[in-house]
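If you want the building blocks of each chain, they are given just below.
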Amino acid sequence: MSEAESSGPDGDGAGVEGTRAAAEPGGGDDSKHTLDTLGSVGELDALARIIPRLPPSEATMLGPGDDAAVLAAPDGLYVVTTDMMIHGPDFRLAWSSMRDLGFKAAATNLSDVAAMGARPTALVVALAAPAETPVSDLEALADGLREACAELAPGCGVVGGDLSVSPTLTIAVTAFGDLEGREPVRRDGARVGDVVAVSGPLGAAAEGLALLFERAVDDDGVPDARAAARLRSEHPVAVAAQLTPHPPIADGVAAALAGATSMLDLSDGLALDARRIARASGVSLDLDAAAVCMAAGVDASRLPHVIVGGEDHSLLATFPPATGPGQSLPGGFRVIGRVVEAGAEGPALLVGGRVFAARGGWDSFDEWSGGVG
């Protein structure tokens with residue numbers, strides 16, 4: 001599941017924004033603010049309540065308050081990535097609290113930085129939300145951003161952003177990372193003989209999404225908040241994997257230090273993302289079915305689901321054979337296959353030596369029905 005756009009007056013370069021969700025307000029005493037909305041308090045007052053809840057960055061030279069932030073880049077290089085989450089194709093407010101959305105918005109961008117072998121240093125967050133959005137919802141979203149940075153990438157913080165109004169809740173995050181003098185780990189470096197390894201869960205987020213679409217909807221198929229709350233208590237691990245993913249961010253740097261030849265984050269599923277490494281590197285990736293099932297903690301009957309499911313935001317990497325079976329891989333990486341020469345069909349994904357053709361992943365351009373909840 002992925003996450004329309006909005007336009008509005010530009011705010012200062014160091015600000016941030018949000019809308020309504022399956023309510024989970026932020027910490028602190030919000031009782032006196034419960035009736036305040038984005039429309040009633042305005043941008044400046046809303047930001048004055050949001051910014052203090054956001055985490056600082058250790059790389060900040062100049063933070064919120066000017067037209068732009070200034071970050072330290074000791075070696076003169078930095079990694080930058082951006083991602084957008086939109087109510088409808090990317091999340092459903094009936095299923096996700098605002099704190100969930102803040103956490104996921106941070107986590108999905110932090111994992112892209114980690115996949116380059118960099119240490120996340122800072123986020124810039126832009127939000128567009130309906131005018132009737134309670135400011136307490138925006139505070140909860142800020143709490144989610146802060147918690148994700150603290151848990152997944154200590155030292156990373158929010159250094160700026162923008163706040164505007166729109167009928168559609170939209171969250172856009174830009175993340176920065178420090179390579180600390182290393183070369184970036186790209187997708188095109190896999191070599192024949194390398195081992196293929198993964199760190200983080202496989203298939204859990206897809207399982208959570210399937211459960212939400214199957215059991216967290218009403219009789220007409222519309223997302224239902226009460227049904228989602230029940231589902232959270234019945235299947236906490238799978239639902240949390242979808243709504244608040246916890247990627248192994250530190251393993252990105254660990255992989256780079258261990259000599260990873262290629263890496264990416266599994267945002268679109270093992271099948272789709274493994275093919276991206278294969279095509280970029282001009283090789284084929286041959287996965288071992290038993291090893292994939294072991295890494296995912298499932299039996300063989302769940303293999304197709306694990307390979308095609310997306311949004312785990314785990315790290316997929318290739319390493320020189322010296323770090324293969326019998327040798328130690330960094331962090332939580334587990335071997336699930338090997339890199340082989342591309343066959344007559346060209347670079348491809350193989351499972352047990354046979355081409356695996358299923359596409360996998362979630363495509364909001366093709367699969368979103370237009371419904372929201």
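Above this text you will find the structure in question.
In this text the structure is predicted, and so the values were computed from the model without any measurement. (Residues numbered from 1 in each chain as written. Predicted model: local features only at pLDDT ≥ 70, side-chain atom pairs only at ≥ 80, totals over all residues. Heavy atoms only, no water.)

## Some points on the overall build of the protein chain
The number of helices and strands found in the protein chain is eleven helices and 13 strands. Every one of the 373 residues in the protein chain was classed for burial, and the buried ones make up 55%. For the protein chain, the accessible area works out to roughly 15400 Å², and carbon and sulfur atoms hold 54% of it. (Helix = DSSP H or I, 4+ residues; strand = E, 2+ residues; numbered from the N terminus. Buried < 20%, exposed > 50% of the residue type's maximum accessible area, 1.4 Å probe, protein only. Areas by Shrake-Rupley, 256 points an atom, 1.4 Å probe, with all protein chains shown as cover.)

## So, the pattern of salt bridges
Opposite charge on two side chains allows them to pair when their charged atoms are near. Throughout the structure, instances matching the rule amount to 16 salt bridges. Ionic pairing is found between arginine 53 and glutamate 139, a salt bridge with its closest N-O pair at 3.5 Å. Linking arginine 53 in the loop between helix 1 (38-50) and strand 1 (60-62) with glutamate 139 in helix 3 (residues 135-152), this pair joins segments that are 86 residues apart in sequence. Residues arginine 53 and glutamate 139 agree in their burial class; the two are buried. When the shortest N-O distance is used, the salt bridge between arginine 119 and glutamate 180 registers 2.9 Å. (Salt bridge = Lys/Arg side-chain N within 4 Å of Asp/Glu carboxyl O.)

## Overview of the side chain of aspartate 178
Positionally, aspartate 178 belongs in strand 6 (residues 170-178). Of the polar contacts made by the side chain of aspartate 178, one reaches the backbone nitrogen of glutamate 180; its length is 2.8 Å. (Polar contact = N/O pair within 3.5 Å; in protein donor to acceptor, adjacent residues only side chain to side chain.)

## Remarks on unusual backbone geometry
Positive phi outside glycine occurs at glutamate 311, with the angle close to 70 degrees. As for its position among the elements, glutamate 311 is in the loop between helix 10 (303-308) and strand 10 (315-319). On the basis of relative accessible area, glutamate 311 is assigned to the buried category, the value being 8%. Positioned with a positive phi, histidine 313 is a non-glycine residue whose angle comes to about 60 degrees. Looking at where histidine 313 falls in the secondary structure, it is placed in the loop between helix 10 and strand 10.

## Digging into the sheet that holds strand 6
Pairing within the open sheet is mixed, and its four strands lie in the order 3-6-4-5. Two strands close off the open sheet at either side, each with one partner strand: strand 3 (79-86) and strand 5 (157-165). Across this sheet, the average inter-strand angle for adjacent strands is 15 degrees, counted without regard to direction. Bridge count for strand 4 (residues 119-129) against strand 6 is nine bridges, and the pairing is antiparallel. Paired with alanine 128 across the bridge in strand 6 is threonine 170. Lying over the sheet, helix 1 contacts strand 4 and strand 5, oriented at roughly 150 degrees with respect to strand 5. (Pairing = 2+ DSSP bridges. Axes fitted to C-alpha atoms, helices over the stretch in contact; angles between N-to-C directions. Contact = heavy atoms within 4.5 Å.)

Note that all results are geometric; they support no functional claim without further evidence.
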